[in-house]
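# Observations on chain architecture
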Amino acid sequence: MANARREQWSTSFGFVAAAVGSAVGLGNMWRFSYLTAEKGGAAFVALYLVFTLLVGLPILLAEMTVGRGASRSPILALEHYGGRNWRLLGGLFVLTGFLILSYYSVIAGWTLRYAGELIWHGVPANPGDHFSQVSQGWNAFLFHVGFMVLTMGIVAGGVTRGIERVSVVAMPALFIFVCGLALYAATLPGSEAGYAYYLNANFANAFSMDVVVSAAGQSFFSLSLGMGAMLTFASYLSRQSDLPREAIRIAAADFGVAFLAGLMVFPIVFALGVEGDVSESTLGALFVALPEAFASMGLGGRFVGIIFFLALIVGALTSAISLLEVVVSAVVDGWAWSRVRSVAVAGGLITLMGSLAAWDLNLLDAMDQIANNILLLLGALLLSIFVGWVMKEAPEELQEGAGPLSWAGAWRFLLRWWVPLVLLFVLFHSVPTTIVNVRSLVFG
Ligand code: PFF
């Protein structure tokens, strides 16, 4: 019953590149490094890995199974397997995508600006002051608009001619940039302190609820789960594709890039003695500490900085594409609008909403916390219940294209009991703290 005219990825690599493009982004470099610094180094990394394996992977498979099975965008896919009421969950996905892209694009705008400045002028004299000037207000707004226009241009091109074409080039390039930077960081005298900080776990810290909640939120954000992005991308897959194989590739690449980003950020920051800026971690830590480090490396630092911000831009762009695609595919399928018209209207509204985040850094922080510590967890919880309890055909659909899987039943069992219980527990702690945090960010 799948829509016969629906586009499909032209190759299996095209899908993996686009899905890895969605997963790998600012989350792996900016968010992962600043959270690792804020939440105490390696213990946070270990918890994040545990969540990725035991909760993230089953949900990634669940999203892919629903998406490919229904060959529809999120709202219609959930209705297809679960009836009208489940449309609401699809609606939650679309709203979450809308919210995340609106502030994500502001941060991506900062990276555009930083790359441009490094190319034309070099490193700013006082990175701290510079960041506070350019991260809010008109400056931030203009680059946010620029980034949104770029994203909209690619999504308007369609699944194969827009998204796939960009991803198959962008992802290998990003991988080379990040490997190169991590290798370069290893050559800096004094980098050992960075590795020690990053890789020596302090488990006393790991078990605070705050760290657990952040690690859970980060694992969903980083894998683009809980808002239908992977569901939407999988809806353009053919029935011959092997979902478990692709899911493992996606999760491995996502964790690999985050880990490599840590191997580049911490050694650089410690070798150049600017770790103080990172440990008082805020949203802007990387945008202050790294330019300081680049400044003290002379001309080479400028070059390294350009590569670093280019990697961030590439990652951010391929992730933003997937966020916009969730909203656009819902509009195209739901209202039968043309793709170009849907991109213009959805992208325009997201740009407007993002201008709030561009105006005030506290609002941006509040939006990030609401999205990650509540909405993504809630979306993942409901999706897990959906596939575990409602979608009877899930185990067969998972095996379609992959052949018989001895663990298909165990996977559904995880989605029925384990994943929802873990998520309920995390939400139970994250909702009250997030409300308190957001209130103090917004109302001072
Ligand atoms: N996974 C992206 C990152 O790590 O930067 C962010 C993201 C993209 C989240 C797409 C959610 C999403 F649907």
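Up top is the structure.
Below, the structure is looked at part by part. Keep in mind that what you see is a predicted model, and the values were worked out from it rather than measured. (Residues numbered from 1 in each chain as written. Predicted model: local features only at pLDDT ≥ 70, side-chain atom pairs only at ≥ 80, totals over all residues. Heavy atoms only, no water.)

### Here we look at the side chain of S33
- Assignment of secondary structure puts S33 in helix α2 (residues 26-38).
- Those residues in contact with S33 that lie beyond four places of it in its chain are V265, F266 and L286. (Helix = DSSP H or I, 4+ residues; strand = E, 2+ residues; numbered from the N terminus. Contact = heavy atoms within 4.5 Å.)

### Structural notes on helix α4 (residues 74-82)
- Those residues of α4 that sit buried are P74, I75, A77, L78 and Y81. One side of α4 carries all its buried residues, which in axial view fall inside an arc of 165°.
- Looking at the buried residues of α4, the elements they touch are α3 (42-70), α5 (87-120), α12 (229-234), α16 (298-335), α18 (361-390) and α19 (394-399).
- At the exit of α4 stands G83, carrying a positive phi of roughly 90°. (Buried < 20%, exposed > 50% of the residue type's maximum accessible area, 1.4 Å probe, protein only. Arc of directions from axis to C-beta.)

### Remarks on the packing of aromatic side chains
- Counted by the stated rule, this structure contains 27 aromatic pairs.
- On the basis of an interplanar angle of 85° and a centroid distance of 6.0 Å, the ring pair of W9 and Y236 is categorised as edge-to-face. Residue W9 is located in the segment before α1 (12-23), and its partner Y236 is located in the loop between α12 and α13 (243-271); the two are separated by 227 residues in the primary sequence.
- Where W30 meets Y34, the ring centres are 5.5 Å apart and the plane angle is 45°; that geometry is what we call tilted. Remark: Y34 and W30 occur in helix α2; sequence separation between them is 4 residues, near one turn of the helix.
- Y34 gets classed as buried once you look at its relative accessible area, which sits at 7%. (Phe/Tyr/Trp six-rings, centres within 6.5 Å; stacked < 30°, edge-to-face > 60°.)

### A short note on a nonpolar patch on the surface
- A surface patch of nonpolar side chains, amounting to about 980 Å² of accessible area, comprises L49, V50, L53, L54, W389, F413, W417, W418, L421 and L424.
- Those elements giving two or more residues to the nonpolar patch turn out to be α3 and α20 (408-443).
- Per element, the largest residue contribution to the nonpolar patch is 5 residues, and it comes from α20. (Patch = residues over 30% accessible without salt bridge, like charges linked within 9 Å, V, L, I, M, F, W, Y side chains within 5 Å. Areas by Shrake-Rupley, 256 points an atom, 1.4 Å probe, with all protein chains shown as cover. Salt bridge = Lys/Arg side-chain N within 4 Å of Asp/Glu carboxyl O.)

### So, the pattern of salt bridges
- For the structure on display, the rule yields 13 salt bridges.
- Close ionic contact of E400 with R239 constitutes a salt bridge, the shortest N to O distance being 3.6 Å. Pair noted here: E400 is in the loop between α19 and α20 and R239 is in the loop between α12 and α13, with a separation of 161 residues, a long-range link.
- Using a relative accessible area of 34% as the deciding quantity, one classes E400 as partly exposed.
- E246 serves as the salt-bridge partner of R245, at 3.8 Å between the closest nitrogen and oxygen.
- With relative accessibility at 40%, the residue R245 sits in the partly exposed group.
- Judged by its relative accessible area of 0%, E246 is buried.
- Connected via shared salt-bridge partners are R68, R239, E397 and E400.

### Considering the packing of helix α9 (residues 192-199) against α13
- Interaxial distance between α9 and α13 falls to 7 Å at its minimum, and their mutual angle equals 135°. When the axis of α9 is compared with that of α13, the two are oblique. Crossing hand, α9 versus α13: right-handed. Across the interface between the two elements, A193, G194, Y195, Y197, Y198 and L199 from α9 touch A258, F259, G262, L263, F266, P267 and F270 from α13.
- Within the contact of α9 with α13, the residues separate by chemical class into 11 nonpolar, 2 polar and no charged. (Axes fitted to C-alpha atoms, helices over the stretch in contact; angles between N-to-C directions. Parallel < 35°, antiparallel > 145°, perpendicular 65-115°, else oblique. Left-handed = near helix turned anticlockwise from the far one by under 90°. Nonpolar A, V, L, I, M, F, W, Y, C, P; charged D, E, K, R; others polar.)

### Some details on the environment of V155
- Its location among the elements puts V155 in helix α7 (residues 138-156).
- What makes V155 buried here is its relative accessible area of 0%.
- Note: C-alpha distance between V155 and E396 (241 residues apart in sequence) is 32 Å.
- Once residues lying within four places of it in the same chain are set aside, the contact partners of V155 are I321, L324, E325, V328, R339 and V343.

### Things to note about the site of the ligand
- In the vicinity of the ligand there are 15 residues, among which A23, G27, Y104, F221 and M227 approach most closely.
- A distance of 2.7 Å separates an oxygen atom of the ligand from a polar atom in the backbone of G27.
- One nitrogen or oxygen atom from the main chain of F221 is found 2.8 Å from a nitrogen atom belonging to the ligand.
- A total of 330 Å² of accessible area belongs to the ligand in isolation, and the protein chains cover 100% of it.
- Of all the secondary structure elements, the ones that give two or more residues to the shell around the ligand are α1, α2, α11 (209-222) and α16.
- Grouping the amino acids of the shell around the ligand by side-chain chemistry returns 7 nonpolar, 8 polar and no charged. (Near = heavy atom within 4 Å. Polar contact = N/O pair within 3.5 Å; in protein donor to acceptor, adjacent residues only side chain to side chain.)

### Regarding the nonpolar core
- One finds I59, I250, F308 and V387 to be the most contacted residues of the largest nonpolar core, which totals 161 residues.
- The element that contributes the greatest number of residues to this core is α16, accounting for 19 residues.
- Beyond its immediate sequence surroundings of up to four residues, F308 is in contact with L181, M264, V265, L286, L290 and F294. (Core = buried A, V, L, I, M, F, W, Y, C linked by side-chain atoms within 4.5 Å.)

### Details of the environment of L26
- Tracing the sequence through the fold places L26 in helix α2.
- On the basis of relative accessible area, L26 is assigned to the buried category, the value being 0%.
- Taking the C-alpha atoms as reference points, L26 and L405, 379 residues apart in sequence, are found 34 Å from one another.
- The contact partners of L26, leaving out residues within four places of it in the chain, are R31, Y104, I107, A108, T111, L312 and A316.

### Brief notes about the side chain of R72
- By the element assignment, R72 lies in the loop between α3 and α4.
- For the buried R72, no salt bridge is present, and the opposite-charge side chain at shortest range is D333, 6.8 Å distant. (Lys, Arg positive; Asp, Glu negative; His and termini not counted.)

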